[in-house]
Amino acid sequence: MNETIQLPPLRERFFRRERRSVPAARRYVCETLAGWGLAESPRADDVLLCVSELVTNALLHGVPPGRQFLLFLRYDGRVLRLEVHDSGPGVPRIVGERDEGGRGLVLVAALSDRWGVRERELGKVVWCEFAGPL
């Protein structure tokens, strides 16, 4: 019996502020993509890489000790939106050529169709979208 589980078009989960949350978030997104029938999409690896980058950024720069972050996914049949919500201060930015690290948002900008940052009452949301044929 090979039955595909149909997941709701909106998924969200909290993760702890710890290193193992990066692979856990990737697994969660991988399971979600499979539930939406997108696991074999040519852009699935791009989505997973963006998950890794946004979650790593949140852990390093956005989630205060003792807090968690929220990973939010929405797929409406045309656009897949990924959001990472944290309660930390500051706004992420794409680094300059002379900076030694911080290439995560450069990758997100290159792999996704759109990305951005919006403020919340406490913290921020860093998001990216994948449109077209997934």
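About the thresholds
Residues numbered from 1 in each chain as written. Predicted model: local features only at pLDDT ≥ 70, side-chain atom pairs only at ≥ 80, totals over all residues. Heavy atoms only, no water. Phe/Tyr/Trp six-rings, centres within 6.5 Å; stacked < 30°, edge-to-face > 60°. Helix = DSSP H or I, 4+ residues; strand = E, 2+ residues; numbered from the N terminus. Buried < 20%, exposed > 50% of the residue type's maximum accessible area, 1.4 Å probe, protein only. Pairing = 2+ DSSP bridges. Axes fitted to C-alpha atoms, helices over the stretch in contact; angles between N-to-C directions. Contact = heavy atoms within 4.5 Å. Arc of directions from axis to C-beta. 1 Å grid on protein atoms, 1.4 Å probe; cavity = no way out; pocket = protein on both sides within 12 Å on 5 of 7 lines; lining within 4 Å. Points joined across faces, edges and corners; volume = space filled by probe spheres on them. Nonpolar A, V, L, I, M, F, W, Y, C, P; charged D, E, K, R; others polar. Parallel < 35°, antiparallel > 145°, perpendicular 65-115°, else oblique. Left-handed = near helix turned anticlockwise from the far one by under 90°.

**Overview of the packing of aromatic side chains**
A ring pair, where both rings are aromatic, is described by two values, the distance of the centres and the angle of the planes.
Right, so step 1: Tallied over the full model, the rule gives 3 aromatic pairs.
Right, so step 2: Between F15 and Y28 the ring centres are 6.1 Å apart and the planes differ by 75 degrees, which places this aromatic pair in the edge-to-face class. With F15 in strand β1 (residues 10-16) and Y28 in helix α1 (residues 21-35), this pair connects stretches of sequence that are 13 residues apart.
Right, so step 3: Judged by its relative accessible area of 4%, F15 falls in the buried class.
Right, so step 4: In this structure an aromatic cluster arises from ring pairing among F15, Y28 and F69.

**Some remarks on the sheet that holds strand β4 (residues 114-119)**
Right, so step 1: The 5 strands lie next to each other as β1-β2-β3-β5-β4, forming an open sheet whose pairing is antiparallel. Whereas interior strands pair on both sides, the edge strands pair on one side only; in this sheet they are β1 and β4. Shown here is a sheet whose adjacent strand axes are inclined to one another by a mean of 15 degrees, direction ignored.
Right, so step 2: Judged from the 6 bridges that link them, β4 and strand β5 (residues 124-130) form a sheet pairing that is antiparallel. Counted as the bridge partner of V117 is V126 from β5.
Right, so step 3: Seen against the sheet, α1 touches β1, β2 (68-75) and β3 (80-86) and runs at an angle of roughly 165 degrees to β1.

**Quick word on helix α3 (residues 104-111)**
Right, so step 1: Along α3, the positions that sit buried rather than exposed are G104, L105 and V108. End-on, the buried residues of α3 take up no more than an arc of 90 degrees, which puts them together on one face.
Right, so step 2: Taken together, the buried residues of α3 touch α2 (44-62), β4 and β5.

**Details of empty space enclosed by the protein**
Right, so step 1: Under the defined criterion, the tally for this structure stands at 1 cavity of 30 Å³ or more.
Right, so step 2: Estimates place the volume of the largest cavity at around 40 Å³.
Right, so step 3: As for the largest cavity, its lining consists of L33, L38, S41, R43, A44, V47, L80 and L134.
Right, so step 4: Considering only residue class, the lining of the largest cavity consists of 6 nonpolar, 1 polar and 1 charged.

**Some details on the packing of α2 against α3**
Two packed helices can be described by the angle between their axes and the distance between those axes.
Right, so step 1: α3 packs onto α2 with a crossing angle of 150 degrees between their chain directions and a minimal axis gap of 9 Å. The pairing of α2 with α3 is recorded here as roughly antiparallel in orientation. As α2 runs across α3, the sense of the crossing is left-handed. Facing α2, whose interface residues are D46, L49, C50, E53, L54 and N57, α3 presents G104, L105, L107, V108 and L111.

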